[in-house]
Amino acid sequence: MERGKKLEILADAAKYDASCASSGAPKRDSVGRDGMGVSTSHGICHSYTPDGRCVSLLKLLLTNFCQYDCQYCVNRRSSNVQRARFAPHEVVALTLDFYRRNYIEGLFLSSGVIRSSDYTMEQLVEVARSLREDHHFRGYIHLKTIPDASPELIDLAGRYADRLSVNIELPTEISIARLAPEKSAGTIRRAMARIRHRLEGVADESGSTGALLAQPAASATESAPAGGRTPSPKRRNGGSRFAPGGQSTQMIVGADATDDRTILGTAETLYLSYRLKRVYYSAFSPIPDSPTSVPLAPPPLQREHRLYQADFLIRQYGFNAAEILGTKTDLALDVDPKLAWALSHRQFFPVDLNRADRSMIARVPGIGLRNAERIVALRRERRLRYDDLVRLRCGLRNARPFIVVDDWRPATAETGSEALRRSLATARPAPVQASLW
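The notes below deal with the structure included here.

The rules behind these values
Residues numbered from 1 in each chain as written. Predicted model: local features only at pLDDT ≥ 70, side-chain atom pairs only at ≥ 80, totals over all residues. Heavy atoms only, no water. Helix = DSSP H or I, 4+ residues; strand = E, 2+ residues; numbered from the N terminus. Buried < 20%, exposed > 50% of the residue type's maximum accessible area, 1.4 Å probe, protein only. Contact = heavy atoms within 4.5 Å. Areas by Shrake-Rupley, 256 points an atom, 1.4 Å probe, with all protein chains shown as cover. Expected span 1.5 Å × (residues − 1). Polar contact = N/O pair within 3.5 Å; in protein donor to acceptor, adjacent residues only side chain to side chain. Salt bridge = Lys/Arg side-chain N within 4 Å of Asp/Glu carboxyl O. Core = buried A, V, L, I, M, F, W, Y, C linked by side-chain atoms within 4.5 Å. Pairing = 2+ DSSP bridges. Right-handed = clockwise from strand over helix to strand, strands pointing away. Patch = residues over 30% accessible without salt bridge, like charges linked within 9 Å, V, L, I, M, F, W, Y side chains within 5 Å. Lys, Arg positive; Asp, Glu negative; His and termini not counted. Charge placed at Lys NZ, Arg CZ, Asp CG, Glu CD.

A tally of helices and strands in the protein yields 16 helices and nine strands. Taken over 437 residues, the protein has a buried fraction of 54%. If you take every contact in the protein between residues at least 6 apart in sequence, the share linking residues at least 24 apart comes to 69%. Accessible area for the protein stands at about 20100 Å²; split by element, carbon and sulfur atoms hold 50% of it.

Attention now moves to helix H8 (residues 260-274). An ideal rise of 1.5 Å per residue puts 21 Å on 15 residues; H8 measures up with 21 Å between its terminal C-alpha atoms. Buried within H8 we find Asp260, Ile263, Leu264, Thr266, Ala267, Glu268, Leu270, Tyr271 and Tyr274. Its side-chain oxygen placed 3.3 Å from the backbone nitrogen of Arg261, Asp259 serves as the N-cap of H8. One or two positions beyond H8, positive phi appears at Arg275, with a value near 50°.

Our next topic: the pattern of salt bridges. Tallied over the full model, the rule gives 22 salt bridges. Close ionic contact of Glu323 with Arg363 constitutes a salt bridge, the shortest N to O distance being 2.5 Å. Placement of the pair is Glu323 in helix H10 (residues 321-325) and Arg363 in the loop between helix H12 (358-361) and helix H13 (369-378), with a sequence separation of 40 residues. Assessed through its relative accessible area of 23%, Glu323 is described here as partly exposed. The residue Arg382 makes a salt bridge to Asp388 at a minimum N-O spacing of 2.7 Å.

This paragraph deals with the nonpolar core. In terms of nonpolar packing, the biggest core is built from 114 residues, with Tyr72, Leu109, Leu264, Tyr281, Leu353, Ile367 and Phe402 touching the most fellow members. Here this core takes eight residues from helix H6 (residues 185-206), the largest share from any one element. What Tyr72 contacts, discounting residues up to four positions off in sequence, is Glu169, Leu170, Leu179, Ala180, Lys183, Ile252, Ala255, Phe284, Ile287 and Val294.

Now for the pairing of strand S3 (residues 106-110). A large share of S3 lies buried, amounting to five of its five residues. Pairing of strand S2 (residues 54-61) with S3 involves five bridges; the strand directions are parallel. What sits directly across from Leu57, in S3, is Gly106. The β-α-β motif built from S2, the intervening helix H2 (residues 88-100) and the parallel element S3 has right-handed crossover chirality. Bridge count for S3 against strand S4 (residues 140-144) is four bridges, and the pairing is parallel. Its bridge partner lying in S4, Gly106 is registered against Tyr140. Between the parallel elements S3 and S4, the chain passes through helix H3 (residues 117-134) in a crossover that is right-handed.

Where like charges cluster on the molecular surface, the negative patch consists of Asp118, Glu122, Asp148 and Glu152. Along the chain, the position of Glu152 falls in helix H4 (residues 151-160).

Below, the structure is given as structure tokens:
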């Protein structure tokens, strides 16, 4: 099979993995028309760094052959899909070709499991090794690790990759046992623990444990390692040589009956136990000839969006899963989780922005962490007025019922939460998940 066809098949097969945060930007090119330039191609996805920059990654599978028969996976052993496989040197050549043309800034590489977990992991590691040592590639590399692979191979992967990820797949051990019986939740968690301990061990050696665990996700430009076969103990940015971008994972949402409370509780446990940088959520997509063990219809795409919003509140705002959901088992789809929490806790509002501490200001709907800091800084100079919030571009549609400033007090302070909820609920039509086929 010629290389372009392999790229088409294996890039398409990689679209189900959400853990490099593809932006879903529309394709634009100059093929067959006036103009010049190509913004996307087979296998190129857009990801975002913590500081908001967009970077392009070559995202593909080494192969979509797989010895596992996970019921939710399009690449499962029993699935009737066209198969292809890259040799490691072909992925290396593609990465370098795309990089030289300035199409990409890094590589996101995963794979189905062939022959054995160790054999597959060796192939993935060989791609990263060749890029780093043979070609002195200093771009970003994200490798998916195979949980059953030997610890030595996972250690080696962390030496060459900026970030490692181990997919938890499903939120509960019961679901994993039912839908992916050839996989083990315990094995997946042991692989995560191995990566965490390796990260902490390297950090202890460098005397910067706190700095390593607190650093943001690696970016294509900030995590470039030194090339060569005898590397120095540090990367050029001063971070650890072992996966300085940490580790992430992905959960499939809607392939089983697990509720949002359990999903967020699992994510919270993963963050605390394994110091993950991110948990990604992927709405289940029905696949051709899918078994009866999985749903025939996808979950509402808005559910995935709400889980990401709730996850952000856990990671950045100090919320916990039980606090976000209260007595409910699932997140509301009509309002975002922060607004839903505020509506359920009217006793804390309205918040006087001239007096409240930063953490409470950040819990006001429509005011984020950055604007909370700006508000605290601004009120050292003068008392806040409504126009100050306009200039800060706060989300005043949601914020107005929950704040007090010198020239503003909400007339809705006595309005019932249900009535206020109806007035603030998203009015646009519910999003529909596009077909993948």
